[in-house]
Amino acid sequence: MRRGRRRIAVMLTLSFVAGPLGIVRTPDAKASPNEFVTMPDGIRIAVNVRLPDSYVAGNQYPTLFEMSGYDGGGAEDGTLSKDIAKQFPDEIGSHFPLQDDSRQLSRRFNNDYVTIHASVRGTGCSGGEFDLFAWQAALDGRYIIDQWIPQQAWSNGDVALMGHSYGGITGFMIAETQPTHLRAATLSGLIDDLYRGITYPGGVTNYGFPLLWTGAIRPAYDVGGGLLPGLVREEQADDTPNRRQKCAESTATKKRTVLNDPLVQGVGDTDSPWFQARSLIYRAHDINVPIHITGAYQDEQTGPRGPTHLWQASVNAPFRRLVLLNGNHDAQNPGLTGPEVWG
């Protein structure tokens, strides 16, 4: 059963997004980000593009796309702490955590798919205003899917969304904007209603994870996983020219509106348009592609109710599948937990 669950998310995406295979291996992308995509308003979004391991020049491939406010466009198969541990194995390597990043989500597809990770605006090396779970991030994602990816020589025009937690929530919002080139979505770690699902569950103030995540965890992942790699990692041959400079320039355009800070909005104890505008449940009916949702009953971070409610509300998806399992937040995604958990 555990092995069967592991295959479901993989098979859903593969069933709806097909592409040719190749026989020539290309070097992996080793720096991050290696591209910047300019939005219609001039803001540059940092992305990391990894071509298939079996890439053949001239062939076109489907794309898996993930967008978040953690490492995002800084994802290149390892965090900075992993870099440090490898660089100084004798001094700190045995004590420093060898951490992977969100490339774990797409690594299994490297053989046949272009995999792209992007930083939402205002995070990592992406410029502009950061606004948690704002629709602008979803519109940026739709622009990348419909206007940028299909124009690349390696693209066959078919895109699938994947993501867990921050990436899953952002991916769900992107799917709700109905990108033309989107073919399917496989998402997990979801919050249906930002007010009822996590900030005030059952009408009780949640002083735990939301405060810790908003005030410390998210900023740490953003800076350490998304921003610093773009500024300090050596530039590679497959990087966009002057990647470090472009990252610094984008960082200079970042801003934050105080009234949109979740800590400020959370002071009030009633639902409001601010919470509603950032909740997936209100537009779940707009999803018009096959969707696979995974949730965990003991999810200590985003809670257990979101996946079931969003599955129920995605009434216009031509195909929808819900998988629920015992386990914590990360157990929902085999890319984060590995085969020892999923069998």
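Residues numbered from 1 in each chain as written. Predicted model: local features only at pLDDT ≥ 70, side-chain atom pairs only at ≥ 80, totals over all residues. Heavy atoms only, no water.

1. Things to note about a nonpolar patch on the surface
This is how the line gets drawn: Patches draw on residues past 30% relative accessible area with no salt bridge. Two like charges within 9 Å are joined, as are two nonpolar side chains (Val, Leu, Ile, Met, Phe, Trp, Tyr) within 5 Å. Where accessible areas are quoted, they stem from the Shrake-Rupley method and a 1.4 Å probe; at the residue level, only the protein chains shown are allowed to cover. Think of a salt bridge as a Lys or Arg side-chain nitrogen and an Asp or Glu carboxyl oxygen that are within 4 Å of each other. Counting from the N terminus, the helices are DSSP H or I runs at least four residues long and the strands are E runs at least two residues long.
A cluster of nonpolar residues, Val223, Leu228 and Val232, forms a patch on the protein surface that exposes about 210 Å² of accessible area. In this structure, Leu228 sits in helix H7 (residues 209-232).

2. Section: the state of the cysteines
Stated formally: Whenever a pair of cysteine sulfur atoms sits within 2.5 Å, that pair is classed as a disulfide. Burial here depends on accessible area, computed with a 1.4 Å probe over protein chains only, as a share of the maximum for the residue type. Under 20% is buried, over 50% is exposed, and the range in between is partly exposed.
As enumerated under the stated definition, the model contains one disulfide in all. The partner cysteine of Cys125 in its disulfide is Cys247, sulfur to sulfur 2.0 Å. A torsion of -70 degrees about the S-S bond marks the disulfide between Cys125 and Cys247 as left-handed. Taken together, the residues span a long stretch of sequence, with Cys125 in the loop between strand E4 (114-119) and helix H4 (135-148) and Cys247 in helix H8 (residues 243-252) at a distance of 122 residues. Judged on exposure class, the residue Cys125 and its partner Cys247 are both buried.

3. With respect to unusual backbone geometry
Residue Phe133 is not a glycine yet carries a positive backbone phi of 55 degrees. Note that Phe133 resides in the loop between E4 and H4.

4. As for H8
Spelled out, the test is: The arc under discussion is defined with respect to the helix axis, by the directions toward the C-beta atoms. Residue contacts are counted whenever heavy atoms from the two residues lie within 4.5 Å of one another.
What H8 keeps buried is the set Arg243, Cys247 and Ser250. Projected down its long axis, H8 shows its buried positions confined to an angular sector of 65 degrees, all on one face. The inward-facing, buried residues of H8 contact strand E1 (35-38), strand E2 (44-50) and H7.

5. Some remarks on the environment of Tyr166
Following the sequence through the fold, Tyr166 ends up in helix H5 (residues 166-176). For Tyr166, a relative accessible area of 3% puts it in the buried group. The contact partners of Tyr166, leaving out residues within four places of it in the chain, are Met67, Ser68, Gly69, Tyr70, Val120, Phe130, Leu132, Phe133, Trp213 and Arg218.

6. Structural notes on the sheet that holds E1
Basically, it comes down to this: The criterion for strand pairing is that DSSP finds at least two bridges linking the strands in question. Every angle, taken between N-to-C directions, lies between 0 and 180 degrees, and every axis is a line fitted to C-alpha atoms, over only the stretch in contact when it is a helix.
The strand order E1-E2-E4-E3-E5-E6-E7-E8 describes an open sheet built from eight strands, whose pairing is mixed. Strands with a single pairing partner mark the edges of an open sheet, and in this sheet they are E1 and strand E8 (320-325). Here the average twist between neighbouring strands, direction ignored, is 25 degrees. Summarising the sheet, strand E7 (residues 291-296) and E8 pair through six bridges and their orientation is parallel. Of the residues in E8, the one forming a bridge with Thr294 is Val323. In the packing of H4 onto the sheet, the strands contacted are E1, E2, strand E3 (61-68), E4, strand E5 (155-164) and strand E6 (182-188), and the crossing angle to E3 comes to about 165 degrees.

Read these as spatial facts, not as claims about activity.
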